[in-house]
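The residues making up each chain are set out below.
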Amino acid sequence: MTKPARRQNDETRPEILISPSILASNFVDLANELRSIESADLIHVDVMDGHFVPNLTIGPPVIEAIKKVATRPLDVHLMIERPELSLAAYIKAGADILGVHAEACPHLHGTLGQIRAIARDQGRTVRTCAVLNPSTPAEVLEYVLDGVDQILVMTVNPGFGGQSFIPAVLPKIEKLRGWIERRGLAIDIEVDGGIGMKNIALAASAGANVFVAGTAVFEQQDRKRTIDDLRRAGREAYVAGALERAKGR
Ligand code: DX5
Ligand code: ZN
């Protein structure tokens, strides 16, 4: 199995990472907005094509510009049809984590392999991420886990920031974390959509360890404090959830 690029403490205690989504930032002041989230672990970049989702955002040229000033890895979430046609452009632009939707990839195993192959050719280290819409079952990933460094479980229907968290997806996170722990894999589980202080503990105790937060971070003046609070709440709940799962085994 290809080892993930980032080391983790051990399989059951992965790092807790906060990934602010710049979709909620002020795009005309992006350089300052990026500076305001320098204490985050990742920068979440939402790419929407107006087809896979109704909204339209940014593509490789803007990501390349962000990469030049970013001090954190870029966590690029592709909400586009036929992502296999433009993987090379997103990797060249600077994606450090590259997420493709399972619903947009009839040959998901192949597409994930393509990400690793293109990264290798470009001399880059890119973590692969498979993304699941709320209605997509965990089982679509059952046979491709070896090709995945991160799983993004959508907690809203993708397309827009500022939507409400869908608690019905929590059992899917639990199921995926259970598979990962039982198989001794080092796969991150990311959640995206409506995440904030009110619900981060729910997602973390179910087994998520990477948290996208758009509105919850950018609506606050003190972003460093918000990021710290989210990370602390996520860590506490993740550890409590891991202990509960260990007891149940
Ligand atoms: C939704 C995007 C999210 C969005 C999250 O399609 O994938 O990353 O920006 O924004 P909030 O945290 O405001 O729900
Ligand atoms: Zn996203």
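Structural data are supplied above this passage.
Residues numbered from 1 in each chain as written. Chains lettered and ligands numbered in written order. Predicted model: local features only at pLDDT ≥ 70, side-chain atom pairs only at ≥ 80, totals over all residues. Heavy atoms only, no water.

Draft legend 1. Molecular detail of the site of ligand 1. Looking at ligand 1, there are 20 residues lining it, with Asp-46, Gly-159, Asp-192, Gly-194 and Thr-215 nearest. Within the side chain of His-44, a nitrogen or oxygen atom sits 3.4 Å from an oxygen atom of ligand 1. Between Gly-214 and ligand 1, the recorded distance is 2.8 Å, taken from a backbone N or O atom to an oxygen atom. Notes on ligand 1: free accessible area 390 Å², of which the protein chains cover 99%. Residue assignment for the shell around ligand 1 shows that the elements contributing at least two residues are β2 (43–48), β3 (74–79) and β8 (210–213). Among the elements that make up the shell around ligand 1, the one with the highest residue count is β2 (three residues). (Near = heavy atom within 4 Å. Polar contact = N/O pair within 3.5 Å; in protein donor to acceptor, adjacent residues only side chain to side chain. Areas by Shrake-Rupley, 256 points an atom, 1.4 Å probe, with all protein chains shown as cover. Helix = DSSP H or I, 4+ residues; strand = E, 2+ residues; numbered from the N terminus.)

Draft legend 2. Fine view of the pairing of β8. A two-sided burial pattern is seen for β8, the buried positions comprising Val-210 and Val-212 on one face and Phe-211 and Ala-213 on the other. Pairing geometry for strand β1 (residues 17–20) and β8, over four bridges, is parallel. Looking at the pairing, Ser-19 lines up with Val-212 of β8. Sheet analysis places strand β7 (residues 188–192) next to β8, joined by two bridges and oriented parallel. Bridge pairing in β8 links Glu-190 to Val-210. After leaving β7, the chain enters helix α6 (residues 200–206) and then returns to the sheet as β8, a path that is right-handed. (Buried < 20%, exposed > 50% of the residue type's maximum accessible area, 1.4 Å probe, protein only. Pairing = 2+ DSSP bridges. Right-handed = clockwise from strand over helix to strand, strands pointing away.)

Draft legend 3. Structural context of the nonpolar core. Val-76, Leu-98 and Phe-211 are the most contacted members of the largest nonpolar core, which has 69 residues in total. Of all the elements, helix α8 (residues 223–248) adds the most residues to this core, at six residues. Formed by nine residues, the second largest nonpolar core is a distinct cluster that contains Leu-17, Ile-97, Cys-129 and Val-131. (Core = buried A, V, L, I, M, F, W, Y, C linked by side-chain atoms within 4.5 Å.)

Draft legend 4. Structural detail: helix α4 (residues 108–122). Taking 1.5 Å of rise per residue, 15 residues should cover 21 Å, and α4 covers 21 Å from first to last C-alpha, within 8% of that figure. Among the residues of α4, Leu-108, Thr-111, Leu-112, Ile-115, Arg-116, Ile-118 and Ala-119 are the ones counted as buried. The arc that holds every buried residue of α4, seen down its axis, measures 165°, which confines them to one face. Opposite its buried face, α4 presents the exposed residues His-109, Arg-120 and Asp-121, each directed more than 90 degrees away. Gly-123 sits one or two positions beyond α4 and adopts a positive phi of about 70°. (Expected span 1.5 Å × (residues − 1). Arc of directions from axis to C-beta.)

Draft legend 5. Representation of the coordination of the zinc ion (ligand 2). Distances from the zinc ion (ligand 2) to its protein donors, His-44 (NE2), Asp-46 (OD), His-77 (ND1) and Asp-192 (OD), fall at 2.0 to 2.3 Å. With six donor atoms in place around the zinc ion (ligand 2) and angles of 70 to 170° between them, the coordination shape is octahedral. Mapping the donors of the zinc ion (ligand 2) onto the primary sequence gives the spacing H-x1-D-x30-H-x114-D. With a gap of 115 residues between them, His-77 in strand β3 and Asp-192 in strand β7 connect regions that are remote in the sequence. Classification of His-77 as buried rests on a relative accessible area of 1%. Since its relative accessible area comes to 8%, Asp-192 is described here as buried. (Donors = N, O, S within 2.8 Å, 3.2 Å for Na, K, Ca; no water. Tetrahedral: all angles 85-135°; square planar, octahedral: opposite > 155°, others 65-115°.)

Draft legend 6. Inspection of the environment of Arg-245 at higher detail. For Arg-245, the position within the fold is in helix α8. For the pair Arg-245 and Gly-178, spaced 67 residues apart in the sequence, the C-alpha separation amounts to 8.1 Å. Apart from residues no more than four positions distant in its own chain, Arg-245 is found in contact with Arg-177, Glu-181, Ser-205, Ala-206, Gly-207 and Tyr-238. A polar atom in the side chain of Arg-245 sits 3.1 Å from the backbone oxygen of Ser-205. (Contact = heavy atoms within 4.5 Å.)

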